[in-house]
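An overview of the molecular structure
Each chain, letter by letter, is given below.
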Amino acid sequence: MKEHEPDAFEKAAQQKPPGLVREIVDLLRSNRKWWLVPVLIVLLGVGAVLAFAITSPAAAPFIYSLF
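Some words on the overall build of the protein chain
- Counting its secondary structure elements, the protein chain contains four helices and zero strands.
- In the protein chain, the succession of α and β elements from N to C terminus is α-α-α-α.
- Within the protein chain, the proportion of its 67 residues that are buried is 7%.
- Looking at the protein chain as shown, the accessible area adds up to about 6400 Å², and 69% of this sits on carbon and sulfur atoms.

Here we look at the pattern of salt bridges
- This structure, assessed with the given rule, holds one salt bridge.
- Here arginine 22 makes a salt bridge to aspartate 26, at a shortest N to O gap of 3.1 Å. Of this pair, arginine 22 and aspartate 26 both sit in helix α2 (residues 20-31), separated by four residues, roughly a single helical turn.
- For arginine 22, a relative accessible area of 41% corresponds to the partly exposed category.

Some thoughts on the environment of leucine 28
- Among the structural elements, leucine 28 can be located in helix α2.
- Taking the relative accessible area as the measure of exposure, leucine 28 reaches 7% and is therefore buried.
- Beyond its immediate stretch of four places on either side in the chain, leucine 28 contacts Lys33, Trp34, Leu36, Val37 and Leu40.

Notes on a nonpolar patch on the surface
- On the surface, a nonpolar cluster with roughly 600 Å² of combined accessible area is contributed by Leu20, Ile24, Trp35, Val39, Leu40 and Leu43.
- Those elements that place two or more of their residues in the nonpolar patch are α2 and α3 (36-55).
- For the nonpolar patch, the leading source of residues is α3, giving three residues.
- Among the structural elements, leucine 40 can be located in helix α3.
- Relative accessible area serves as the criterion here: at 33%, leucine 40 is assigned to the partly exposed category.

Some details on α2
- A rise of 1.5 Å per residue sets the reference length of α2, with its twelve residues, at 16 Å; its end C-alpha atoms lie 16 Å apart and thus fit the reference within 8%.
- Phi turns positive one or two residues past the end of α2, at arginine 32, with a value near 55°.

Overview of unusual backbone geometry
- If you check the backbone angles, arginine 32 has positive phi at about 55° while not being a glycine.
- When you line up the elements, arginine 32 lands in the loop between α2 and α3.

Quick notes on the rules
For every chain, the first residue of the written sequence is number 1, and numbering continues from 1 onward in sequence order. Local features in this predicted model are restricted to residues of pLDDT 70 or higher, and side-chain atom pairs are both shown and tallied only at a pLDDT of 80 or more, whereas totals for entire chains, interfaces and linings draw on every residue. Only heavy atoms go into the side-chain values, all of them from the structure, while hydrogens and water stay out. Starting at the N terminus, helices and strands are each numbered in turn, a helix being any DSSP run of H or I of at least four residues and a strand any DSSP run of E of at least two. We call a residue buried when its accessible area falls under 20% of the maximum for its residue type, exposed when it is over 50%, and partly exposed in between, using a 1.4 Å probe and counting protein chains only. Throughout, the Shrake-Rupley method with a 1.4 Å probe supplies accessible areas, and for residues the shown protein chains are the sole cover considered. A pairing counts as a salt bridge when a side-chain nitrogen of Lys or Arg comes within 4 Å of a carboxyl oxygen of Asp or Glu. The contact rule is simple, with two residues in contact once any of their heavy atoms fall within 4.5 Å. Patch membership requires more than 30% relative accessible area and the absence of a salt bridge. Residues of like charge join within 9 Å; the nonpolar side chains Val, Leu, Ile, Met, Phe, Trp and Tyr join within 5 Å. Multiplying 1.5 Å by the residue count of a helix minus one yields the expected span of that helix.

Right, here's the structure in full:
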């Protein structure tokens, strides 16, 4: 029995899936949605501030006044 050569679909299925950041960059590049970049930066900034507020109780009163 002769084995067949895998086609492009089968090769793509055997590859390691890209990460979340790579998927977002590919989405922005392929769909020309560059206006999403500032939105993502702001969301990451707010997430970083909230993570800092959770881990540092001493800074919580100062960060609480921002929101």
